[in-house]
Amino acid sequence: MATIKQTAAPLPLNKILAGDCIAEMNKLPEGSVDLIFADPPYNLQLKGDLHRPDNSKVDAVDDAWDQFSSFAAYDRFTRDWLKAAHRILKPNGAIWVIGSYHNIFRVGASLQDTGFWVLNDVVWRKSNPMPNFRGKRLTNAHETMIWAAKSEAGKYTFNYEALKAMNDGVQMRSDWLLPICTGHERLKDENGDKAHPTQKPESLLHRVLVATTNPGDVVLDPFFGTGTTGAVAKRLGRDFIGIEREEAYRKVATKRIDSIRRLDKDALEVSTSKRAEPRVPFGTLVERGMLNAGDKLYSLNGRHSAKVRADGTLVAHDTKGSIHQVGAHLEGAPSCNGWTYWYFKRDGKNVPIDLLRQQIRAEMKH
């Protein structure tokens, strides 16, 4: 008797799921998501109204979704959603969780207890924070994000060169100075009030997604709110899954994301590490006749020359070996990048051998 093979239900890509985040994540296939960005309730424990010096009331977070009866209740909730999140991440997936001093330390401990491997904590320093109106504490001018791999062995995505390029050629640090969401970016509801009290700026999500995802990746946000993650994911050519139980937020998020245009393929490409490029042995250039045995190569500084051999090695005076070994020997250096050290002459011009390697790499991409 033939058995009926069951196929997994397709992922609800680019959709906002209505319901509880734990229940909805538990419906998704195991190991199906590349990245999770989570902005959970902060459990602010606010007591009473907050007023500015002019006695006007501050529109603070006092929604029911941020209310928990105790730290123990909040911890249970945190463990449950993190367990669901861990299950649906791919083996090389990662998670970002953002929070404030009210909750991030409790969340961090639960992350590690669940099996996640912390990679960085990032301080989002707000260039325009809300003042401390009561004047009894320091102005709370930052939030903390934890970036963690699914496991210690996970080969997570990190576009190091792209972030370096974004930071004027300097390594990106773990303190990010970005403004809070204000002005035209701040979404309003039908009454002209804030659509969401803790709407995150798109600049924050742009940096997170460029850094730790690639086009076509699936990004899940279990606390979708007004859809900042979905809006930025769509623009950057990533697929998203949002989970949001509040109908008012889903309505605002849908309208917002529908207005976003996805960037074209060329605009989505980012700087990559040279190590990420496909490996091309120097011997391949000889095999393909791009250089021939007997051809002469010259050092960039003009002081040395070497002859190409049939097996893709070089010979120069009393030494022979790879393009890297011969270059290092001639310069008396511990190492040498032969691809940038050697050039050949064509039509009276000096041509770097790396140009031939780049031609082969370009062919590999097509």
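An unreviewed UniProt entry lists the protein chain under the name Methyltransferase, from Rubricella aquisinus. Under the UniProt heading Catalytic activity (unreviewed entry), the entry covering the protein chain gives this text: "a 2'-deoxyadenosine in DNA + S-adenosyl-L-methionine = an N(6)-methyl-2'-deoxyadenosine in DNA + S-adenosyl-L-homocysteine + H(+)". In its Sequence similarities (unreviewed entry) section, UniProt records this for the protein chain: "Belongs to the N(4)/N(6)-methyltransferase family."

Undergrad: For this particular structure, what's the right way to read the overall build of the protein chain?
TA: Looking only at helices and strands, one finds 12 helices and 14 strands in the protein chain. By residue count, 44% of the 366 residues in the protein chain fall in the buried class. Contacts in the protein chain between residues far apart in sequence, at least 24 positions, make up 68% of those at least 6 positions apart. As displayed, the protein chain offers around 20500 Å² of accessible surface, 50% of which is attributable to carbon and sulfur atoms.

Undergrad: Just checking my understanding: could you explain the side chain of E24 for this structure?
TA: Looking at where E24 falls in the secondary structure, it is placed in helix 1 (residues 21-27). The exposure class of E24 is buried, given its relative accessible area of 11%. If we ignore the near neighbours within four places in the chain, the residues touching E24 are L17, A18, G19 and I243.

Undergrad: Help me understand the packing of helix 2 (residues 71-88) against helix 3 (residues 104-114) in this model?
TA: Helix-helix packing is characterised by the crossing angle of the two axes and by the distance between the axes. It is the contact of helix 2 with helix 3, at a shortest axis distance of 9 Å, that shows an interaxial angle of 45°. What the angle tells us is that helix 2 and helix 3 run oblique. Here helix 2 and helix 3 pass one another in a crossing that is right-handed. Residues F71, Y74, D75, T78, R79, L82, K83 and H86 of helix 2 form the contact with helix 3, whose own contacting residues are R106, V107, S110, L111 and T114. Broken down by class, the residue content of the contact of helix 2 with helix 3 amounts to five nonpolar, four polar and four charged.

Undergrad: Honestly, the sheet that holds strand 4 (residues 117-126) in this entry has me stumped. Any pointers?
TA: Consider a sheet: its strands pair through backbone hydrogen bonds, and that pairing is either parallel or antiparallel. Strand order in the open sheet formed by eight strands is 1-8-7-2-3-5-4-6, and the pairing between neighbours is mixed. The open sheet has two free edges, formed respectively by strand 1 (15-18) and strand 6 (175-178), since each of these has just one partner strand. Neighbour-to-neighbour, the strand axes of the sheet open up by a mean angle of 20°, direction not taken into account. Bridging between strand 7 (residues 218-221) and strand 8 (residues 239-244) involves four bridges; their strand directions are parallel. Paired with V219 across the bridge in strand 8 is F240. Set on the sheet, helix 2 makes contact with strand 2 (33-38), strand 3 (89-99) and strand 7; between it and strand 3 the angle comes to about 145°.

Undergrad: Looking at this model, I keep getting lost on the packing of helix 5 (residues 202-212) against helix 6 (residues 228-235). Mind explaining?
TA: At a closest axis distance of 9 Å, the pairing of helix 5 and helix 6 adopts a crossing angle of 55°. Put simply, helix 5 runs oblique to helix 6. For the element pair helix 5 and helix 6, the recorded crossing hand is right-handed. Side by side, helix 5 and helix 6 meet where E202, L205, H206 and L209 of the first sit next to T228, T229, A231, V232, A233 and R235 of the second.

Undergrad: What am I meant to see in the nonpolar core here?
TA: Note on soluble globular proteins: their nonpolar side chains tend to be buried together. Residues W96, M145, W176, L204, V208 and L209 are the most contacted members of the largest nonpolar core, which totals 30 residues. Of all elements in the fold, only strand 2, strand 3, strand 4, strand 5 (142-149), strand 6, helix 5, helix 6 and helix 7 (247-258) reach the threshold of two or more residues within this core. Sort the elements by how many residues they give to this core and helix 5 lands first, with five residues. When near neighbours in sequence (up to four residues on either side) are disregarded, L209 contacts L35, V219, T229, V232, A233, L236 and R238. L17, W81, L82 and V97 belong to the second-largest nonpolar core, a separate cluster that totals 29 residues.

Conventions used here
- Counting from 1, residues in each chain are numbered in the order their sequence is written.
- Confidence filtering applies because this is a predicted model: local features only for residues at pLDDT of at least 70, side-chain atom pairs given and counted only at 80 or more, and all residues used for totals across whole chains, interfaces and linings.
- The side-chain values count all of the structure's non-hydrogen atoms but skip hydrogen atoms and water molecules.
- UniProt positions are given in the numbering used here, feature names are shortened, and annotations may be inferred rather than shown by experiment.
- Helical segments are the DSSP runs of H or I of at least four residues, strand segments are the runs of E of at least two, and each set is numbered from the N terminus.
- Remark: exposure states derive from per-residue accessible area (1.4 Å probe, protein chains only) relative to the maximum for the residue type, with buried under 20%, exposed over 50%, and partly exposed in between.
- Throughout, a residue-residue contact means that at least one pair of heavy atoms, one from each residue, lies within 4.5 Å.
- Reported accessibility uses the Shrake-Rupley method at a 1.4 Å probe radius. Residues are deemed covered only where the shown protein chains occlude them.
- Every axis in this analysis is a line fitted to C-alpha atoms, fitted for helices over the stretch in contact. Angles between the N-to-C directions lie between 0 and 180 degrees.
- Geometric relationships in this document are graded by angle, where less than 35 degrees denotes roughly parallel, more than 145 denotes roughly antiparallel, 65 to 115 denotes roughly perpendicular, and other angles denote oblique.
- Note on convention: the crossing is left-handed when the near helix lies turned anticlockwise from the far helix by less than a right angle, right-handed when the turn is clockwise.
- Nonpolar residues are Ala, Val, Leu, Ile, Met, Phe, Trp, Tyr, Cys and Pro. Charged residues are Asp, Glu, Lys and Arg, and all others, Gly as well, are polar.
- Strand pairing is assigned whenever DSSP detects at least two bridges linking the two strands.
- The definition of a nonpolar core used throughout is a set of buried Ala, Val, Leu, Ile, Met, Phe, Trp, Tyr and Cys residues joined through side-chain atoms within 4.5 Å.

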